[in-house]
Amino acid sequence: FFQAINKVQSHFSKAQTTTEVPVSPIAPPENAEKQHLVFKADGKMYKIPFEEILFIEGLKEYVKVICTNAHYITYERIKNLEDALPATRFVRVHKSYIVAKDKVKSIETNLLEIGKHFIPVSRDKKEDIMREIFGV
């Protein structure tokens, strides 16, 4: 899926380099960091802003993207979504969970609290998570 998207993006970027297109003053720079996650679910393509994502849960060959007002289940590997998300905003805390750093409220033993959800933290990643999210 991501290979197909990359192929389409490279095709369009080649087309843009061959034809001069005036740059709009409100268009983001080409090297600007993406601000959304794109995936297919329920036969539709979704473009979800990073600010809306609370966490991502791996469900074997599917992943569940939990947002502030909705959730989506897509046929994708959690590793692929981890690679598509910026490391400055998201962190993998468990083999089955990726969380938005700014959405974490607290940690109790090995559970992160995000809204009304409690996300397990791997024992071997706990120190790194404490440093990355809480600065401790």
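Within each chain, residue numbers correspond to sequence positions counted from 1 in written order. Residues qualify for local features only when their pLDDT is at least 70, as the model is predicted, and side-chain atom pairs are given and counted only at 80 or more; totals for whole chains, interfaces and linings, by contrast, use all residues. Only heavy atoms go into the side-chain values, all of them from the structure, while hydrogens and water stay out.

Undergrad: Any chance you could break down unusual backbone geometry for me, citing the residues and the numbers?
TA: Even without a glycine there, the phi angle at Asp-42 is positive, about 55 degrees. Summarising the element assignment, Asp-42 is placed in the loop between β1 (36-41) and β2 (44-49). Notably, Thr-109 is not glycine yet its phi reads approximately 50 degrees, a positive angle. Only DSSP runs of H or I with at least four residues qualify as helices, and only runs of E with at least two residues qualify as strands; both kinds are numbered from the N terminus onward. Mapped onto the elements of the fold, Thr-109 is located in the loop between β8 (106-108) and β9 (111-114). The exposed category is assigned to Thr-109, whose relative accessible area is 59%. Burial classification: accessible surface area is computed with a 1.4 Å probe over protein chains only, and a residue below 20% of its type maximum counts as buried, one above 50% as exposed, and the rest as partly exposed.

Undergrad: Let's hear about the nonpolar core: which residues, and what values?
TA: Judged by nonpolar contacts, the single largest core of 18 residues is most densely connected at Leu-37, Phe-39, Ile-53 and Ile-56. Those elements that place two or more of their residues in this core are β1, β2, β3 (53-59), β4 (62-67), α2 (78-84) and β7 (97-100). Setting aside its immediate chain neighbours within four residues, Phe-39 contacts Phe-1, Lys-44, Met-45, Tyr-46, Ile-48, Val-65, Tyr-72 and Thr-74. Nonpolar cores were defined as sets of buried Ala, Val, Leu, Ile, Met, Phe, Trp, Tyr and Cys residues, with membership established by side-chain atoms within 4.5 Å. In this structure, Leu-54, Val-99, Val-104 and Val-121 belong to the second largest nonpolar core, which totals 14 residues. When checking whether two residues touch, look at their non-hydrogen atoms; a contact exists if any pair is within 4.5 Å.

Function-wise, these values are silent; they only describe arrangement.
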